[in-house]
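Observations on the model geometry
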Amino acid sequence: MKILVPVKRVIDYNVKPRVKSDGTGVDLANVKMSMNPFDEIAVEEAIRLKEKGVATEIVAVSIGPVKAQETLRTALAMGADRAILVQTDDEVEPLAVAKILKAIADEETPGLVILGKQAIDDDSNQTGQMLAALWGRPQGTFASEVTVEGDSVTGKREVDGGLEVVKLALPAIVTTDLRLNEPRYASLPNIMKAKSKPLANKTPADYGVDTTPRLKTLKVTEPAVRSAGIKVADVDALVAKLKELGVA
Ligand code: AMP
């Protein structure tokens, strides 16, 4: 079984984002970029399925600028077999990403597509669900455990009331939650090996997808600065303070 893993190049999760002075977006100049953390978990899960003998090939896909090649090389160094870069400098919204992934799924016929549950830059949490609808295949979102048996995949999902277990007929779509696994670091020899793994270069036009944005960002602002807390001597003082502030 082939597994397709879409990986997005995003601002590194350790970096504190700065908003551009004109309020048009986040300043990405000279900022460290990395693989979306949920996508690292997706790559790790695919590798574990290959190590268990369930998967035979892992194909990583990224839609983004030429630098997204670095993100794909990271996936290859972790253990993916080959990669596809769908190169564009446009801001690609989840629907266009899902359309491109649908076209790739038609070409590659994977048994499983494992995506992150959300990209930490746009926080959309849409692509996996849209792909499931476009491709007409079942989806198990926010998976914290994934088991493939025969022609189905079982996923554990954390929901408000507890744990939900869903069984999906393959081919299926799974999106990863933080608790699914702890991604491995690529070793130096594997980073070197990844340089010679195949990486295909494509464009959205190759898949007949128009990436023109449908949304217009009107304004981006920094979050309000939190005011400093105060210390109170005891519970009576705390209650008095809360009453004074009108919250008790
Ligand atoms: P989102 O719906 O934008 O929150 O993204 C959810 C998931 O879709 C991500 O964790 C990735 O697995 C995948 N994805 C979104 N955008 C891209 C992209 N440009 N290239 C590759 N994968 C993507």
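Reference entry: report on the structure contained in this document. Not measured: the values here are computed from a predicted model.

Looking now at the site of the ligand. Taken together, 18 residues are adjacent to the ligand, and D39, I63, A119, N125 and T127 come closest. Within the backbone of G116, one N or O atom sits 3.0 Å away from an oxygen atom of the ligand. Here N125 contributes a backbone N or O atom positioned 2.8 Å from an oxygen atom of the ligand. Contact with the protein chains covers 99% of the free accessible surface of the ligand, which is 490 Å². Those elements that place two or more of their residues in the shell around the ligand are β4 (57-64) and β6 (112-116). Broken down by element, the residue count for the shell around the ligand peaks at three residues, all from β4. Taken together, the residues of the shell around the ligand sort by class into seven nonpolar, eight polar and three charged.

Close approach of charged atoms allows side chains of opposite charge to pair. Taken as a whole and judged by the stated rule, the model has 17 salt bridges. Where E164 meets R157, a salt bridge forms, and the shortest distance between an N and an O atom there is 2.5 Å. Residue E164 is classed as partly exposed on the basis of its relative accessible area, which comes to 33%. For R157, a relative accessible area of 15% corresponds to the buried category. Several salt bridges share partner residues, and in doing so they unite K2, E57, R82 and E108 into one network.

Core analysis: the biggest nonpolar cluster contains 35 residues, and I3, V5, V43, L112, I114 and V153 have the highest contact counts within it. For this core, the secondary structure elements donating two or more residues are β1 (2-6), α1 (37-51), β4, α2 (68-78), β5 (82-87), β6, β7 (139-149) and β10 (172-176). I63, L115, I173 and V209 belong to the second largest nonpolar core, which has 23 residues in total.

When a strand is regular, its side chains alternate between the sheet's two faces. Counting buried residues along β6, five of its five residues qualify, which places the element largely inside the surrounding structure. Side chains L112, I114 and G116 of β6 all project onto a buried face; the interleaved residues V113 and L115 project onto the opposite face, where all are buried too. Examined bridge by bridge, β6 and β10 share five bridges and lie parallel to one another. Each residue of the ladder has a partner; that of L115, found in β10, is T175.

Bringing a nonpolar patch on the surface into the picture now. Nonpolar side chains collect at one region of the surface, where I230, V232, L238, L242, L245 and V247 lie side by side and expose about 540 Å² of accessible area between them. Topologically, V232 is positioned in the loop between β11 (199-202) and α6 (235-245). Look at V232 and you get partly exposed, because its relative accessible area is 35%.

Under the counting rule described, the total for this entry stands at one cavity of 30 Å³ or more. Counted as a void, the largest cavity has a volume near 40 Å³. What lines the largest cavity is G140, T141, A143, V153, T154, G155, R157, V166, L168 and V174. Those elements that place two or more of their residues in the lining of the largest cavity are β7, β8 (152-159) and β9 (162-169). Take the lining of the largest cavity: its biggest share by element is four residues, from β8. Residues that form the lining of the largest cavity fall into these classes: five nonpolar, four polar and one charged.

Another aspect to go through is α6. In this structure D234 caps α6, since a side-chain oxygen of it lies 3.3 Å from the backbone nitrogen of D236. G246 lies just past α6 and shows a positive phi near 80 degrees.

Estimates place the volume of the second largest pocket at around 630 Å³. Surrounding the second largest pocket, 23 residues form its lining, Y13, M35, E40, P183 and Y185 being those nearest its centre. Elements supplying a minimum of two residues to the lining of the second largest pocket: β3 (33-35), α1 and α2. Counting residues per element, the lining of the second largest pocket draws most heavily on α2, which supplies four residues. Of the residues belonging to the lining of the second largest pocket, the class tally is 11 nonpolar, five polar and seven charged.

Conventions and cut-offs
- Residues numbered from 1 in each chain as written.
- Predicted model: local features only at pLDDT ≥ 70, side-chain atom pairs only at ≥ 80, totals over all residues.
- Heavy atoms only, no water.
- Near = heavy atom within 4 Å.
- Polar contact = N/O pair within 3.5 Å; in protein donor to acceptor, adjacent residues only side chain to side chain.
- Areas by Shrake-Rupley, 256 points an atom, 1.4 Å probe, with all protein chains shown as cover.
- Helix = DSSP H or I, 4+ residues; strand = E, 2+ residues; numbered from the N terminus.
- Nonpolar A, V, L, I, M, F, W, Y, C, P; charged D, E, K, R; others polar.
- Salt bridge = Lys/Arg side-chain N within 4 Å of Asp/Glu carboxyl O.
- Buried < 20%, exposed > 50% of the residue type's maximum accessible area, 1.4 Å probe, protein only.
- Core = buried A, V, L, I, M, F, W, Y, C linked by side-chain atoms within 4.5 Å.
- Pairing = 2+ DSSP bridges.
- Patch = residues over 30% accessible without salt bridge, like charges linked within 9 Å, V, L, I, M, F, W, Y side chains within 5 Å.
- 1 Å grid on protein atoms, 1.4 Å probe; cavity = no way out; pocket = protein on both sides within 12 Å on 5 of 7 lines; lining within 4 Å.
- Points joined across faces, edges and corners; volume = space filled by probe spheres on them.

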